[in-house]
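Commentary on secondary and tertiary structure
These are the residues of each chain, in order.
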Amino acid sequence: MNLLTATNLSGGYGEVDILHNLSLTVERGKIAVIVGPNGAGKSTVMRALLGLIELRSGQIIFEGQDITQKFPQERVILGISMVPQTRNIFVTLTVEENLEIGAYLHDEPISVAMEEVFSLFPILAKRRNQMAGQLSGGQRQQLALARALMMSPKLLLLDEPTAGLSPVVIDEVMERIKQIVAAGVAVVMVEQNAHKALEIADIGYVLVQGRNRFTGTGSELLSDPDVRVSFLGG
Amino acid sequence: MSGRDRVYFVLCLLLIIGVGIFQSWNVALTMINFALISAILSLGLNIQWGFGGLFNVGIMGFVALGGLAVVVVSAPPVEEAWRAGGWRVLSALFVAVLAIGGSLFVWKRWRPKKYGAVSLVVFLTMAFVLYRFLFDPAVLAIEKVNPALSGFLGGFNLPVLLAWPVGGLLAAAAAMMIGHIALGLRSDYLAIATLAIAEVLVAILKHEEWLTRGVKNVTGLPRPVPYEVDLQQSIWFQEWASQLGIDGIEASSLTVKLCYMVLLIIVLALIFTLCQRALNSPWGRMMRAIRDNERAASVMGKDVKRRHLQIFVLGSAVFGIAGAMMTTLDGQFIPSSYQPLRFTFLIWIMVIVGGSGNNWGAVLGGLLIWFLWIQVEPIGLATIDFLTKPLHPTSPLRVHLIDSAAHMRYVMMGLFLLLVLRFRPQGLIPER
Amino acid sequence: MLDAAIVLANFVVIPALSYGSLLALGALGVTLVYAVLRFANFAHGDTMSVATMMAIYCTWWLQSLGIDFIRPLPTALLAIPFAALGTVGLLLVIDRLVYRHYRQAKAPPITLVIVSVGVMLILHGLSRMIIGVDEQRFFDGGRFIVSAGEFKEWSGLKEGLAIKSTQVIAIVSAVTLMAYLFYFLQRTRTGKAMRAFADNEELALLSGIRPQKIVTSCWILVAVLAAVSGTVYGLDKVYKPFTYFQLLLPIFAAAVVGGMGSPVGAILGGYLIAFSEIGLTYAFKRVAGHLLPPSWVPDGLLQLISTDYKFAVSFTILVAVLLLRPTGLFRGQAS
Ligand SMILES: Nc1ncnc2c1ncn2[C@@H]1O[C@H](COP(=O)(O)OP(=O)(O)OP(=O)(O)O)[C@@H](O)[C@H]1O
Ligand SMILES: [Mg+2]
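Every chain's residues receive numbers from 1 upward, in the order its sequence appears when written. Think of it this way: whatever chain is written first is A, whatever ligand is written first is 1, and the rest follow in order. The predicted nature of this model means local features are confined to residues of pLDDT at least 70 and side-chain atom pairs, given and counted, to a pLDDT of 80 or more, with totals for whole chains, interfaces and linings taken over all residues. Side-chain calculation: all heavy atoms of the structure are included, whereas hydrogens and water are not.

**Overview of the overall build of chain B**
Scanning chain B from terminus to terminus reveals 18 helices and zero strands. Only C-alpha atoms enter the radius of gyration, while the globule expectation follows 2.2 Å times N to the 0.38, with N the number of residues. Against the compact-globule benchmark of 22 Å for 432 residues, chain B has a radius of gyration of 24 Å, which places it among compact chains. Over its C-alpha atoms, taken along the principal directions, chain B stretches across nearly 80 × 60 × 50 Å. Every residue pair with non-hydrogen atoms within 4.5 Å of one another is taken to be in contact. For chain B, the proportion of contacts with a sequence separation of at least 24, taken over those separated by at least 6, is 82%. Using a 1.4 Å probe, the Shrake-Rupley method yields the accessible areas, and only the shown protein chains count as cover for residues. A total accessible area of about 20200 Å² is found for chain B, and carbon and sulfur atoms account for 70% of it. When charges are tallied, Lys and Arg are placed among the positive residues and Asp and Glu among the negative ones, while His and the ends of the chain are skipped. Where a charge sits is defined by one atom per residue type, namely NZ (Lys), CZ (Arg), CG (Asp) or CD (Glu). Computed over 33 positive and 22 negative side-chain charges, the separation of the two mean positions in chain B equals 14 Å. Strands here mean DSSP runs of E at least two residues long; helices mean DSSP runs of H or I at least four residues long; both are numbered from the N terminus.

Rendered as structure tokens:
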């Protein structure tokens, strides 16, 4: 059964719709990748899934429950976490405080979750008392992932987690994401590095101007000549 | 102007006629005159906020500079004070300007290396000592000259109407300097900065007695219109008044006010026409484009800061003119009367209630809010008096409430502002 | 030598410390609103005024009941908690009726500044209407902790040191409140959430922080700060609605100098403004008289700037900081 099913989403920031009848699904322990040109509405979909923008129509089902009308914090409690594209850590808080805020809605003590996250990102453990603003780009992305993992989510929404990173660091972050998926978390990921992302994608979506253009497994899209020419640079 | 807008103006007129009938025509005319000046101030702010989106809360400072212009232009010079220390004060100011300007210039031009900062501080300290050496005794000497009547340098004894454009120029010059400092800050920082600068300007006017007599005020400034006494004594006027069947004293005071009114209307019409032209010119459209999207405009190659400086200077010049007019109308310059509530925030309420970005709206706001500012007190008093009639005349509650009615205007103004912002954010006459 | 130090302490250091404490508390109030609600709150001075007015009525009420067990401390200290509670209520009602609408409509900060001007006018008018424009003194209890005469006798020096109890109250209450505030912001869950919200509102939302809760706690803190700083200032000087309206400017200056949105900056800014206001306008002649041989003492007052310009000093610093380093000394949020 699908963990998340979004059907026919339409909506945007104001009068004008950015998304038009957009649908996507993701299964447990699988990874869905969204690619598309700049301004296609990729970030907007992610925000819609978490309830940060109001939809004009459409439906979002999570674990069989209709969450279309729920507030962001209710969705967080149900198990959806998001790493935004930009400004995705609290730069004036320490690494540890960032993680505490990540677990803000947790009732139980958070030391267990924190240790788990630290074992996945050992570098953060070393810098736990440092201001997050002082971290390097790669470390920031790791912290952003770590913060989102603190609620032990079932679904993780990642908006361009590798943007602006060097190739070596990209591989490292991708590796972490694979580990997260392997642990049973479903991931929806927006990526600029379409090739790399589609390689590890279970399902891929090509978005153009807020509409589904192509849908298929990662390898299907990679071998589709239309997709290759228009979106993967040949 | 749409039909509904006309209704607003007719309503304003009716309100004022009502005052004329129920209170007195003298009160009504005084109110009209100040309302007209308010409308001019409101137009000035509309240039800055409505056209350009600049959040200036330093209006008071420019109005006060306009007032100073009246003193400097029209007051008779005090020869003795000039002899006592006039030139020395001027040379002290010259030293100050030279020192500050010089060090700024050197600093910008050469960015001195190693001992730059130290030598700058030493230089400025020396300049400061020299300045105080020149300034202090001169000021003491000037202030000692017949302190009860003058004790200041006086002005140039020129026609007072000349002070109106001069007030505008003075304010524009100040705005030029302030704009260089403060524009470019984000809007709420700009607000704080302008509020502070206005406060400093007024502090200077309040305490530099050699220039403005400070708290002793400058009274008896010349007028552009006849004096009541002269009218009352002239034969033709007496005949004219008795023909109309009005008491001579009343008639003279009404005539003087009417003369002022004509002058004010001329200036208002002039400024209004210019504003209207500016708003609908390519320049005005560009300003509004910049206001609505600063980033896009600067991407398109518009020099946003320069444009902002332009409207800041223009709007402030209007404040200066209005300030000069107000001091002329009062016939006296009272530095301590400049309060931000009355000269800055009230003007803001006028523009927002009237409709920012629309010159008609700004004028309407100026007229209407001035009417309310004056009339809230008597209306409130009457209401409280009526409501507390059942109480004993000396009951403490009744006495307290009646005393407090005078301060109701602040609450009412705040309420107007909040209600308009909430339910009609574009103002009574919206921008188009 | 010692005499010079005493004069300096008496006329510069102690007054500046107590005045600075109050500016710091005021600036904290402004800076918190700026950090959390993201606008410069023009109504803060008058919030302090209304809070103080509540404390004054409460003091009179307590005095009429004959409650005086805290002698020699002033009765007003007992009134502060009531005033703080009243102010919390007031600010929460204002937030509900006025600010919330604009927050939900995502209005630009400048709209909120204008709205706060409206609130300022209403609060100002209310305090004028209720208590009147005149000065109110509500101090009772012992005036001095150390009086000049006693000090001279005790130390055998020529100069006396006088410490007013209200000065000590100002300093002590400010330090206590600041310590609590930092404990709250650094150690408690809500405090950390508040910092997170100030840092990055959207990410805070994504983490499940409810904005309304943060905003409410912010107003509660601001109300307590306003009640304490307002009342203590009134005790030390005098209460008058217009004075409190005017306090807004040095408070803004302190907050901007320290960096809007930065609590540490607000505190340092408060003391910096106070020391420069008092230091630059103090006539150092008497100090010099103790330090230099009599023939060297200059004739002038050795005053850098006349006391008339006390307020102007802080504004000049404010403008200079805006010019040279708009984010303030402690890098607040300038964008
Ligand atoms: N906060 C906002 N308010 C209004 N419009 C917005 C906002 N954010 C984005 N948009 C508009 O929505 C459209 C889609 O933006 P979105 O950020 O979703 O694109 P994207 O596919 O994520 O692009 P990118 O690859 O650059 O991240 C764009 O036209 C953008 O201008
Ligand atoms: Mg995006």
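The structure having been displayed, the exposition proceeds.
**Some words on the packing of helix 11 (residues 248–280) of chain B against helix 14 (residues 304–330) of chain B**
All names here are of chain B. All axes are obtained by fitting lines to C-alpha atoms, using only the stretch in contact for helices, and the reported angles, taken between N-to-C directions, cover 0 to 180 degrees. Where helix 11 contacts helix 14, the two axes come as close as 12 Å, and the packing angle between them is 175°. By the angle between their axes, helix 11 is roughly antiparallel relative to helix 14. Contact residues: helix 11 offers Tyr260, Leu264, Val267 and Ile271, while helix 14 offers Val318, Ile321, Met325, Thr328 and Leu329. Split into classes, the residues belonging to the contact of helix 11 with helix 14 amount to eight nonpolar, one polar and no charged. Each angle is binned into one of four classes, with values under 35 degrees roughly parallel, values over 145 roughly antiparallel, values of 65 to 115 roughly perpendicular, and all other values oblique. When residues are sorted by character, Ala, Val, Leu, Ile, Met, Phe, Trp, Tyr, Cys and Pro go into the nonpolar class, Asp, Glu, Lys and Arg into the charged class, and all the rest, Gly among them, into the polar class.

**Concerning a nonpolar patch on the surface**
Residues and elements named next belong to chain B. Only residues above 30% relative accessible area that lack a salt bridge enter a patch, with like-charged residues linked at up to 9 Å and the nonpolar side chains Val, Leu, Ile, Met, Phe, Trp and Tyr linked at up to 5 Å. When a carboxyl oxygen of Asp or Glu lies within 4 Å of a side-chain nitrogen of Lys or Arg, that pair is called a salt bridge. On the surface, a cluster of nonpolar side chains totalling about 770 Å² of accessible area is made up of Val10, Leu13, Leu14, Ile17, Ile21, Phe22 and Trp25. Broken down by element, the nonpolar patch gets its largest block of residues, six residues, from helix 1 (residues 3–22). Secondary-structure assignment places Trp25 in helix 2 (residues 25–51).

**Quick word on the confidence of the model for chain B**
Residues and elements named next belong to chain B. For every residue, the predictor assigns a confidence score, pLDDT, that lies between 0 and 100. Confidence along chain B averages 89 in pLDDT terms, with 97% of residues attaining 70 or more. Put simply, helix 13 (residues 294–299) is where chain B has its lowest mean pLDDT, 70, and helix 3 (residues 59–74) is where it has its highest, 96. Among the scores for the predicted complex, ipTM is 0.91 and pTM is 0.91.

**Let's talk about the sheet that holds strand 6 (residues 80–83) of chain A**
Residue and element names in this part refer to chain A. Strand order across the open sheet formed by six strands is 6-7-8-3-9-10, with mixed pairing between neighbours. Taken across any chain shown, the strands that pair with only one partner, and hence form the sheet edges, are strand 6 and strand 10 (211–216). Ignoring which end each strand starts from, the neighbouring axes of this sheet average 15° apart. By the convention used here, strands pair only if DSSP detects at least 2 bridges between them. Relative to strand 8 (residues 186–190), strand 7 (residues 155–159) runs parallel, the two sharing five bridges. Note that in strand 8 the partner of Leu158 across the bridge is Met189. The sheet strands contacting helix 6 (residues 137–149) are strand 6 and strand 7, and the helix crosses strand 6 at an angle near 165°.

**Details of the packing of helix 11 of chain B against helix 16 (residues 359–387) of chain B**
Residues and elements named next belong to chain B. Interaxial distance between helix 11 and helix 16 falls to 10 Å at its minimum, and their mutual angle equals 145°. Residues Phe272, Cys275, Gln276 and Leu279 of helix 11 form the contact with helix 16, whose participating residues are Asn359, Trp360 and Val363. For the contact of helix 11 with helix 16, the residue count by class is five nonpolar, two polar and no charged.

**Considerations on the pairing of strand 9 (residues 203–208) of chain A**
Residues and elements named next belong to chain A. Burial classes follow relative accessibility: with a 1.4 Å probe on protein chains only, a residue under 20% of its type's maximum area counts as buried, one over 50% as exposed, and anything between as partly exposed. Most of strand 9 sits inside the fold, with five of its six residues counted as buried. As judged from the four bridges shared by strand 3 (residues 31–35) and strand 9, these two strands associate in the parallel manner. Bridged to Ala32 within strand 9 is Ile203. Bridge analysis of strand 9 against strand 10 gives five bridges, and the strand direction is antiparallel. Within strand 10, the residue paired with Leu207 across the bridge is Asn212. Following strand 9, the chain reverses through two residues before pairing antiparallel with strand 10; Gln209 in that reversal takes a positive phi of roughly 45°.

**Examining the domain arrangement of chain B**
Residues and elements named next belong to chain B. The start and end points of each domain follow an automatic or database-based domain assignment. Taken as a whole, chain B is organised into domain 1 (3–77 + 154–423) and domain 2 (78–153). The C-alpha centroid of domain 2 is placed 34 Å from the C-alpha centroid of domain 1. Taken together, the contacts link 13 residues of domain 1 with 16 residues of domain 2. What counts as buried area is the accessible surface, traced by a 1.4 Å probe, that two parts surrender upon association, with contributions from both included. Across the domain 1 to domain 2 interface the summed buried area is about 1000 Å²; carbon plus sulfur atoms make up 59%. When residues of domain 1 are sorted by the area they lose upon contact with domain 2, Pro77, Trp210 and Arg213 head the list and together hold 61% of the total. There are zero salt bridges connecting domain 1 and domain 2.

**Some details on the site of ligand 1**
All names here are of chain A. It suffices for a single heavy atom of a residue to lie within 4 Å of a molecule or strand for the residue to be listed as near it. Lining the immediate environment of ligand 1, one finds 13 residues, of which Gly39, Gly41, Lys42, Ser43 and Thr44 sit closest. Polar contacts here mean pairs of N or O atoms no more than 3.5 Å apart (in protein, one a potential hydrogen donor and the other a potential acceptor; neighbouring residues in sequence count only if both atoms are side-chain atoms). In this structure, an oxygen atom belonging to ligand 1 sits 3.1 Å away from a side-chain N or O atom of Asn38. In this structure, Lys42 approaches ligand 1 through a side-chain N or O atom, which is 2.8 Å from an oxygen atom. Within the shell around ligand 1, the residues separate by chemical class into four nonpolar, seven polar and two charged.

**Some points on the domain arrangement of chain A**
Residues and elements named next belong to chain A. Assigned domains within chain A: domain 1 (1–79 + 154–163 + 187–234) and domain 2 (81–152). Each of domain 1 and domain 2 has a C-alpha centre, and the two are 24 Å apart. Each side of the interface is counted separately: domain 1 has 17 residues, and domain 2 has 12 residues. Of the roughly 1200 Å² buried between domain 1 and domain 2, counting both surfaces, carbon and sulfur atoms make up 62%. Three residues, Val76, Leu156 and Asp159, lead the burial of domain 1 against domain 2; their summed loss comes to 34% of the area buried on that side.

**Quick word on the nonpolar core**
Throughout, nonpolar core names a set of buried Ala, Val, Leu, Ile, Met, Phe, Trp, Tyr and Cys residues whose side chains join them through atoms within 4.5 Å. Judged by nonpolar contacts, the single largest core of 283 residues is most densely connected at Leu155 of chain A together with Phe42, Tyr99 and Met260 of chain C. Of the residues forming this core, the biggest block, 17 residues, is contributed by helix 1 (residues 2–37) of chain C. Listed in part, the 46 residues of the second largest apolar core include Val33, Ala148, Met174 and Val181 of chain A.

**Details of the environment of Asp46 of chain C**
All names here are of chain C. Mapped onto the elements of the fold, Asp46 is located in helix 2 (residues 44–64). Classification of Asp46 as buried rests on a relative accessible area of 1%. Sequence separation of Asp46 and Phe245 is 199 residues, and the distance between their C-alpha atoms is 5.6 Å. Ignoring sequence-local partners within four residues, the contact set of Asp46 consists of Met120, Leu123, His124, Pro241 and Phe245.

**Quick look at helix 18 (residues 408–423) of chain B**
Multiplying 1.5 Å by the residue count of a helix minus one yields the expected span of that helix. Between its first and last C-alpha, helix 18 of chain B extends 22 Å over 16 residues, near the 22 Å set by a 1.5 Å rise per residue. Buried residues of helix 18 of chain B: Met408, Arg409, Tyr410, Val411, Met413, Gly414, Leu417, Leu418, Val420 and Leu421 of chain B, and no others. Buried residues along helix 18 of chain B sit in contact with helix 15 (340–354), helix 16 and helix 17 (396–404) of chain B together with helix 3 (76–104) and helix 4 (109–131) of chain C.

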